[in-house]
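Analysis of the macromolecular model
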Amino acid sequence: MLKLLIVAGARPNFIKVAPLIEEIKRINKLKHLRTYQLKYCLVHTGQHYDYEMSQIFFQDLKIPKPDYNLGVGSGSHAWQTAKMMEKLEPVILKEKPDLVVVVGDVNSTLAGALVAAKLRCSQSPNHPMTKLPNNQMTHLPLIAHIEAGLRSFDMSMPEEINRHLTDHISDFLFVTEPAGVKNLLNEGIDKGKIYLVGDIMIDALIKSKVKIQKSKILEKLHLERKNYAVLTLHRPANVDDKKILSNLISAFNEIQKKIKIIYPIHPRAKKQIEKFGFKTHLKEMKNFIITSPIGYMDMIKLVSESKFLMTDSGGLQEETTFLKVPCLTLRENTERPITIEKGTNILCKRNKEKILKEVKEILSGKEKKGKIPKLWDGKTAQKILKILIKSYGKE
Ligand code: UD1
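Residues numbered from 1 in each chain as written. Predicted model: local features only at pLDDT ≥ 70, side-chain atom pairs only at ≥ 80, totals over all residues. Heavy atoms only, no water.

Further remarks concern the sheet that holds strand β13 (residues 345-347). Each strand in a sheet pairs with another by means of backbone hydrogen bonds, the pair being arranged parallel or else antiparallel. With respect to topology, six strands assemble into an open sheet ordered β10-β9-β8-β11-β12-β13, the strand pairing being parallel. Taken across any chain shown, the strands that pair with only one partner, and hence form the sheet edges, are β10 (288-291) and β13. Averaged over all pairs of adjacent strands, the angle between strand axes in this sheet comes to 20°, irrespective of strand direction. Of the pairings in the sheet, the one linking strand β9 (residues 260-264) to β10 comprises four bridges and is parallel in character. The residue bridging tyrosine 263 from the neighbouring strand is isoleucine 290, located in β10. (Pairing = 2+ DSSP bridges. Helix = DSSP H or I, 4+ residues; strand = E, 2+ residues; numbered from the N terminus. Axes fitted to C-alpha atoms, helices over the stretch in contact; angles between N-to-C directions.)

The following block contains the structure:
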């Protein structure tokens, strides 16, 4: 038996663990592997807790109910990460997994990896986890990081800190694109730990194709195919600074005069907009439609049928490349360079003129065309589990 303890806590995490759990279940049904089972235990840290930020993803993607919900909730980065660690440690001690699996770059990712790494340091002879009847050490979990190696080279981003630290304490680094491998090697990480396997988010998208097709979100929002744009904006660097946010809103104001913009709003952005007093101005922008956050199937349907996306999200840069929908990234950098080199992504920074210029190009039919990167084939979860099974000597 190989036992995985999977940690997830925030919206993008749920999308990444869904294909992994599905693949575990599939492997367990294979006859020739019946001699052993892959066991998993799912831990939800509670970083995201609103229905639209958490539960809807479990329903949409048929993720089993978590075995544990740590119910941590919101707080400062240090408080949130520390609280997750405190609550996760006894779970790992109780469950005794062979491997702790973390995904992406959120605070839950770092917390999961850190607890596992710190437990490995607790090799005192009296430690409940490390003591066998004959006093040998056992059950020190290894760490697997899915979506390793991505770098924005901007340490002011909380995600970049999480990426660096998680990668440097992980034993299996599963990478989505070649730049990730290069980054890890440049940082001196052992080549033997790095596996280029593709993008597990794309597994989720491919597996959900039929359900996505069935989404009625366009009808619900009275939208016409390719006659609207989608916006996601929630990064602290964009929504926590009044001047930056105001400048972006003035760009959206210009754009909505030409094409309808749909903005499923993240709770943190909503709070900031209210705090800065921008609500009335946004209401006056008649073609700028704010909705509550929406579930996975509806979001992918909405984006796939849109004329273009404007975003500061990481995952959506990849999803638009896969869907061949133009993407304007409203950030100074991206940790996913393949979406620019091969895909449909254009880095617009927070430059109003650049954003307006690129929108003009798209609206005049001169949008950037892209190709789907190699290995984004819907088989990433399969590749990951094959590597793990082999490494643990079960095949
Ligand atoms: C987190 C990730 C970010 C990811 C995003 C996806 C980190 C450091 N950041 O950012 O990389 O792109 O998730 O959504 O982990 N809130 C609610 N309800 C919720 C969750 C959050 O109201 O269910 C509000 C709270 O006011 C909270 C704020 O949103 O303080 C921020 O939430 P948090 O989990 O700290 O970070 P995100 O901005 O969601």
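Let us keep going from here.
This next bit is on helix α14 (residues 296-304). Burial within α14 is extensive, with eight of its nine residues counted as buried. Tyr296, Met297, Met299, Ile300, Lys301, Leu302, Val303 and Ser304 are the residues of α14 that are buried. (Buried < 20%, exposed > 50% of the residue type's maximum accessible area, 1.4 Å probe, protein only.)

Mapped onto the elements, serine 156 comes out in the loop between β5 (142-148) and α5 (158-169). Spatially, the C-alpha atom of serine 156 lies 21 Å from that of lysine 271, the residues being 115 residues apart in sequence.

Here the focus is the pairing of strand β8 (residues 228-232). Among the five residues of β8, five are classified as buried, and the element is accordingly described as predominantly covered. Here β8 shows two buried faces, one formed by Tyr228, Val230 and Thr232 and the other by Ala229 and Leu231. Relative to β9, β8 is paired through three bridges, and the arrangement is parallel. Residue pairing in the sheet places valine 230 in a bridge with isoleucine 262 of β9. Judged from the four bridges that link them, β8 and strand β11 (residues 308-311) form a sheet pairing that is parallel. Paired with leucine 231 across the bridge in β11 is methionine 310.

The next point concerns the packing of aromatic side chains. With the rule as written, the count across this model stands at eight aromatic pairs. Their ring planes at 55° and their centres at 5.0 Å tell us that phenylalanine 14 and phenylalanine 58 sit as a pair that is tilted. Remark: phenylalanine 58 occurs in helix α2 (residues 55-60) and phenylalanine 14 occurs in helix α1 (residues 11-29); sequence separation between them is 44 residues. Take phenylalanine 14 and phenylalanine 58: they sit in the same class, and that class is buried. Here a set of aromatic residues connected by ring pairs shows up, and it is made of Phe172, Phe174, Tyr195 and Tyr392. (Phe/Tyr/Trp six-rings, centres within 6.5 Å; stacked < 30°, edge-to-face > 60°.)

This brings us to the environment of arginine 26. Relative to the helices and strands, arginine 26 resides in helix α1. Residue classification places arginine 26 among the partly exposed residues on the basis of a relative accessible area of 38%. C-alpha of arginine 26 to C-alpha of glutamine 382: the two residues are 356 residues apart in sequence and 9.5 Å apart in space.

Before going further, it helps to examine the site of the ligand. As a structural note, the neighbourhood of the ligand is formed by 20 residues, with Gln47, His48, Glu159, His266 and Lys271 the closest of them. Tyrosine 49 is positioned with one of its backbone polar atoms (N or O) 2.9 Å from an oxygen atom of the ligand. One of the side-chain nitrogen or oxygen atoms of lysine 271 is found 2.5 Å away from an oxygen atom of the ligand. For the ligand, whose unbound accessible area comes to 740 Å², protein coverage reaches 89%. Of all the secondary-structure elements, those providing two or more residues to the shell around the ligand are α1, α3 (77-95), α5 and α12 (267-275). The element that contributes the greatest number of residues to the shell around the ligand is α12, accounting for three residues. Split into classes, the residues belonging to the shell around the ligand amount to six nonpolar, eight polar and six charged. (Near = heavy atom within 4 Å. Polar contact = N/O pair within 3.5 Å; in protein donor to acceptor, adjacent residues only side chain to side chain. Areas by Shrake-Rupley, 256 points an atom, 1.4 Å probe, with all protein chains shown as cover. Nonpolar A, V, L, I, M, F, W, Y, C, P; charged D, E, K, R; others polar.)

It is worth spelling out the pattern of salt bridges at this point. What the rule picks out here adds up to 25 salt bridges. Across the pair glutamate 367 and lysine 369 runs a salt bridge whose closest N-O atoms are separated by 3.3 Å. Using a relative accessible area of 25% as the deciding quantity, one classes glutamate 367 as partly exposed. One salt-bridge network, in which partners are shared between bridges, spans Lys16, Asp105, Glu147, Glu160, Arg163, Glu318, Arg331, Glu335 and Arg336. (Salt bridge = Lys/Arg side-chain N within 4 Å of Asp/Glu carboxyl O.)

A separate point is helix α17 (residues 352-363). Between its first and last C-alpha, α17 extends 16 Å over twelve residues, near the 16 Å set by a 1.5 Å rise per residue. Every buried residue of α17 is accounted for by Ile355, Glu358, Val359 and Ile362. Take α17 and look down its axis: the buried residues cluster within an arc of 105°, on one side only. The outward face of α17, more than 90 degrees from its buried face, is lined by the exposed residues Glu353 and Lys360. Glycine 365 sits one or two positions beyond α17 and adopts a positive phi of about 80°. (Expected span 1.5 Å × (residues − 1). Arc of directions from axis to C-beta.)

The next subject is a positive patch on the surface. A surface patch of like charges, here positive, comprises Lys324, Lys342, Lys371 and Lys374. You can see lysine 324 is positioned in the loop between α15 (315-323) and β12 (327-329). (Patch = residues over 30% accessible without salt bridge, like charges linked within 9 Å, V, L, I, M, F, W, Y side chains within 5 Å. Lys, Arg positive; Asp, Glu negative; His and termini not counted. Charge placed at Lys NZ, Arg CZ, Asp CG, Glu CD.)

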